[in-house]
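Okay, here's what each chain looks like letter by letter:
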Amino acid sequence: MSPDIFITLRDGQRYMRTWPLVPQLGYFFPEYRVIKATQLAKSLLPLLALVAGGGQLLFLGWTFLPQALATTLFFISLPLQGVLWLGWRSRHPLPVSLLGWGNELNAKLAGLGISARPLGGNACYMDIAVLLKLAFERLDKKFWDEL
């Protein structure tokens, strides 16, 4: 495996921890659904992989070992695919419309006396995740209901 894949996995884990799991954000960003699905897959799919691979060996015999291994590896790889996507997404540059919305949110936080790093022209999704997490921790529930 390339070291770049490990860096992307690390970024995906960090992005998953940083992104605020607010259901209102699920309407605008796919991250909420991807993070929830990845967390569920991390807990359930290793057991499902064991059952699927073991079931094939139990019912079909040892001659189906390659198919059982392929099925097991497929189920184990699904959570990794979610984390890889999150890592890729965290480094992806923000669109201009989202950049403007992030700067408005930053101005709203600054108006309340909360200092946050402004989003620059080369901001990525990780930067907006940090800003949204700060906003979720500091702003009242009324702000999230207005979204």
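Going by the structure above, here's the rest.
Conventions we followed
Residues numbered from 1 in each chain as written. Predicted model: local features only at pLDDT ≥ 70, side-chain atom pairs only at ≥ 80, totals over all residues. Heavy atoms only, no water. Helix = DSSP H or I, 4+ residues; strand = E, 2+ residues; numbered from the N terminus. Rg over C-alpha atoms; globule rule 2.2 N^0.38 Å. Buried < 20%, exposed > 50% of the residue type's maximum accessible area, 1.4 Å probe, protein only. Contact = heavy atoms within 4.5 Å. Core = buried A, V, L, I, M, F, W, Y, C linked by side-chain atoms within 4.5 Å. Axes fitted to C-alpha atoms, helices over the stretch in contact; angles between N-to-C directions. Left-handed = near helix turned anticlockwise from the far one by under 90°. Nonpolar A, V, L, I, M, F, W, Y, C, P; charged D, E, K, R; others polar.

1. Describing the overall build of the chain
Reasoning step 1: Helices and strands together make up the secondary structure of the chain, namely 6 helices and 0 strands.
Reasoning step 2: Against the compact-globule benchmark of 15 Å for 147 residues, the chain has a radius of gyration of 20 Å, which places it well outside the compact range.
Reasoning step 3: Taken along the three principal axes of its C-alpha coordinates, the chain extends 70 × 35 × 20 Å.
Reasoning step 4: When burial is assessed residue by residue, the chain has 38% of its 147 residues classed as buried.
Reasoning step 5: Sequence separation of 24 or more characterises 70% of the internal contacts of the chain that already satisfy a separation of 6 or more.

2. A short note on the nonpolar core
Reasoning step 1: Grouped together as the largest cluster of nonpolar side chains are 29 residues, with contacts concentrated most on W19 and L94.
Reasoning step 2: Ranked by residues supplied to this core, first place goes to helix α5 (residues 125-138) with 8 residues.
Reasoning step 3: Membership of the second largest hydrophobic core comes to 5 residues, among which are A41, L45, A52 and F75.

3. Structural notes on the packing of helix α4 (residues 96-111) against α5
Reasoning step 1: Direction vectors running N to C along α4 and α5 enclose 30°, while the axes themselves pass 11 Å from each other. Seen along the crossing, α4 lies across α5 with a hand that is left-handed. The segment α4 lies against α5, with L98, W101, G102, L105, N106 and L109 engaging Y125, I128, L131, L132, L134 and A135.
Reasoning step 2: The class makeup of the residues in the contact of α4 with α5 is 10 nonpolar, 2 polar and no charged.

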